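Structure assessment
The chain contents come next:
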Amino acid sequence: MSAAREQNAKQRIANAANAIPAAERVHSELRDLRVRAEEEEKRLREELADQETTVIDTGRTLREALDRPEVLNGAGLDRSSLPDHVSDNPGSDVRDRLRALRSLAGTVEQALGRSRGEVSDDTLLKRHTALRDQLAGGYDAQLEERDGIKVCRLLDDHGSHDVAVVGERIATQSAEARGRLTERESEVFQRFLTGELGDHLSGLPPATRDWLAGPGLARLWSAVRKRLEGNGVQSTGSLRLTAVSAQERNDLSLLLGKPLTGTAVTVRLDALDARLRTSAAELGLREVLEELGPPLVDRRAAREDDAAQRRHVWASLASSLDASPLAGQEWTRQWYDVLRRTGVPRGVPPEAAVRTLQQAVQVLTVLLDPERTGTRGRGELAATATGSAHGLDDGAWLARLVHRGVALAHDTDLPTNAAGRRALWRLVSVTPDEISSTVLTYGLRPTGEGWREQSLRERAAHHAETHLTPRDLLDLSLQLPAGTTIHICENPRVVEAAADAACAKPLVCTSGSAATVVLTLLDALAATGCRFAYHGDFDRPGIALANRIIRRYEALPWRMGAEDYERLAAAGKAEGVPQLPLDGRPVDADWDQGLAPAMTALGVALHEEATLDLLVGDLSVWT
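About the thresholds
- Residues numbered from 1 in each chain as written.
- Predicted model: local features only at pLDDT ≥ 70, side-chain atom pairs only at ≥ 80, totals over all residues.
- Heavy atoms only, no water.
- Helix = DSSP H or I, 4+ residues; strand = E, 2+ residues; numbered from the N terminus.
- Buried < 20%, exposed > 50% of the residue type's maximum accessible area, 1.4 Å probe, protein only.
- Contact = heavy atoms within 4.5 Å.
- Phe/Tyr/Trp six-rings, centres within 6.5 Å; stacked < 30°, edge-to-face > 60°.
- Disulfide = S-S within 2.5 Å.
- Pairing = 2+ DSSP bridges.
- Salt bridge = Lys/Arg side-chain N within 4 Å of Asp/Glu carboxyl O.

1. Considerations on the environment of Leu296
- Among the structural elements, Leu296 can be located in the loop between helix 11 (285-292) and helix 12 (299-322).
- Since its relative accessible area comes to 10%, Leu296 is described here as buried.
- A sequence separation of 10 residues divides Leu296 from Arg286, and the C-alpha atoms of the two residues are 7.7 Å apart.
- Filtering out sequence-adjacent residues up to four positions away, Leu296 remains in contact with Arg225, Leu228, Glu229, Val233, Arg286, Leu289 and Glu290.

What follows is the structure in structure tokens.
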């Protein structure tokens, strides 16, 4: 029976060993997925913040418009119908502000009766001209822009007047000069005041519009619109429609003025343009398309404009470099070429790109000045260059530009982590934020004679925990007696209990997933010959963190075996402690292949607090 159990155990060990490569691959893939998910979440949060800002800014514009009497009157709105929605409280939660804005927009839309599409400047100018032509002698219309809002005002011998306020007076005086306005003209005039002429000032007679907008010509107009928007809005060339239906063939025959019999039709755009001009439409091809649909977009011109803006961005950078003390240095050409290849981040407009690149040149000029002495804070440097103390924060495009420039200038690798970026800042005598993040420690007794080392020894003697910042770690001499074992825990509660019990052994807490400052301290201790013992939570994330620490520092597992887990789980169950279910996919422990199966079998998560008494006992006596 003993031999059978031994053979069974060997088989289980072999099976577990065979499963290790696949598990490691799954672990690596999950880690990559988590990193990508965190990056995607950050991007989406930034996009959401940008969208919220845009919406709130748009709401501010709407409110400013509603504060204008001529807008309210011209749109036929009554301020009393907007009693609780006009004001905005910048101090309230952004979601409350968005809800208030949604309510305001809905009230305005309901009051207007129906939504209105955007009107281009060219169309508005045409409508303004048409209105001027319709006005009686002695009156004129003036189109002016105030704070981004275009307002049409009427002029007479007494000055400029709000259109809506004097509408009735104009109607009366116009009646004396040219007879009473017809019902149709009154409707045209009123709809112009609200910003839309619609069909009433259309260049197409209603019957002609209805026929041209019919289903038999829908494919033609779609294809023609696509062609014109792609060729500079020129009525040149031809297009071919295939699989033409009977209705399409009939309508195309009428439109082109010639009988069509096949299932494919070739249409010359110049001939179609001429045909429309001599038809009941009396408009050219472009005008007809804009009567039947939205204004045409000259996509070729738009592409050329985008290309011109990109050229302007990089020409501006080249000019800034040439005009700076950095001109002629070898690294600046490499920097420029790399930036050209990587391009401007999505969502950054050309004007902002020019400004940010110029700021990067300005910052690099300051940092790489050979006569510069002393150090500067990163926030101070950012405020000088951008007006914001956060302009050079990690993740900002400006910070990435400066990092790349400094790395090239000093012929060093571009850092890929927070510690590397801080080191790069220090390379050019800039102090990054080195006080906001800390690592929790207890019982560290370095042998140095500086005041920082003495302070740590005194706090250890008084059984007091210590929070160390990255700045502290820069100046500390962390030389401990040779072979000192540093215990590492995951939860601050362990440090608190060790201090309360006046434990003797040194302890470092990762406070969850180890941050850069934690790893910086452990790296420094490892460099002096310290050894490590690690304990963490018995759950999936806890095992993953333990794997990272144990691999990186060859740490010993500290009460982290399968037997430790099973004993703790049994004790908790016997004491009636509520059991926390184990979530997530299994994670194999590097130090004990039996731990993952044991955790899966019991399905219970155990945090460090369940082991607290044992851990404190281990820390209490020197060995």
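Let's pick the thread back up.
2. Some points on the packing of aromatic side chains
- Scanning the model with the defined rule gives 4 aromatic pairs in all.
- With a centroid separation of 5.3 Å and an interplanar angle of 55°, the aromatic rings of Phe532 and Tyr553 are classed as tilted. Within this pair, whereas Phe532 is found in strand 12 (residues 531-534), its partner Tyr553 is found in helix 22 (residues 540-553), the two being separated by 21 residues in sequence. For the pair shown, Phe532 and Tyr553 are each scored as buried.
- Ring centres of Phe538 and Tyr565 lie 5.4 Å apart, and the angle between their planes is 55°; on these two criteria the pair is classed as tilted. Of the two residues, Phe538 sits in the loop between strand 12 and helix 22 while Tyr565 sits in helix 23 (residues 562-574), which places them 27 residues apart along the sequence. For the residue pair Phe538 and Tyr565, the accessibility class agrees, reading buried in each case.

3. Description of the state of the cysteines
- If you walk through the whole model with that rule in mind, you get 0 disulfides.
- Between Cys509, a free cysteine, and Cys489, which holds the nearest cysteine sulfur, the sulfur-to-sulfur gap is 3.9 Å.
- Exposure remark for Cys509: the relative accessible area of 1% places this residue in the buried category.

4. Re the sheet that holds strand 12
- Reading across from one edge, 9-8-11-10-12-13 is the order of the 6 strands in this open sheet, with mixed pairing throughout. Single-partner strands in this sheet number two, and they are strand 9 (465-468) and strand 13 (556-557).
- Looking at chain direction, strand 8 (residues 439-442) and strand 11 (residues 507-509) are connected through 3 bridges and run antiparallel. Its bridge partner lying in strand 11, Tyr442 is registered against Leu507.

5. A short note on the pairing of strand 8
- Neither face of strand 8 is exposed, since Val439 and Thr441 on one face and Leu440 and Tyr442 on the opposite face are all buried.
- Of the pairings in the sheet, the one linking strand 8 to strand 9 comprises 4 bridges and is antiparallel in character. Bridge assignment links Leu440 to a residue of strand 9, and that residue is His467.

6. Observations concerning the pattern of salt bridges
- Under the counting rule described, the total for this entry stands at 19 salt bridges.
- Here Glu380 makes a salt bridge to Arg376, at a shortest N to O gap of 3.8 Å.
- The class of Glu380 is partly exposed, set by a relative accessible area of 47%.
- Classification of Arg376 by relative accessible area gives partly exposed; the value is 21%.
- Between Arg551 and Asp590 there is a salt bridge, and its shortest N-O distance comes to 2.4 Å. Here Arg551 is found in helix 22, whereas its partner Asp590 is found in the loop between strand 14 (580-581) and helix 24 (595-602), with 39 residues between them in sequence.
- On the accessibility criterion, Arg551 (40% relative accessible area) is partly exposed.
- Here the salt bridges share partners, and the residues they tie into one network are Arg225, Glu229 and Arg299.

7. Describing the environment of Ile549
- Inspection of the secondary structure assignment puts Ile549 in helix 22.
- Spatially, the C-alpha atoms of Ile549 and Phe532 are 9.3 Å apart, while their sequence positions differ by 17 residues.
- What Ile549 contacts, discounting residues up to four positions off in sequence, is Ile488, Ala514, Leu519, Leu522, Tyr534, Glu554 and Ala555.

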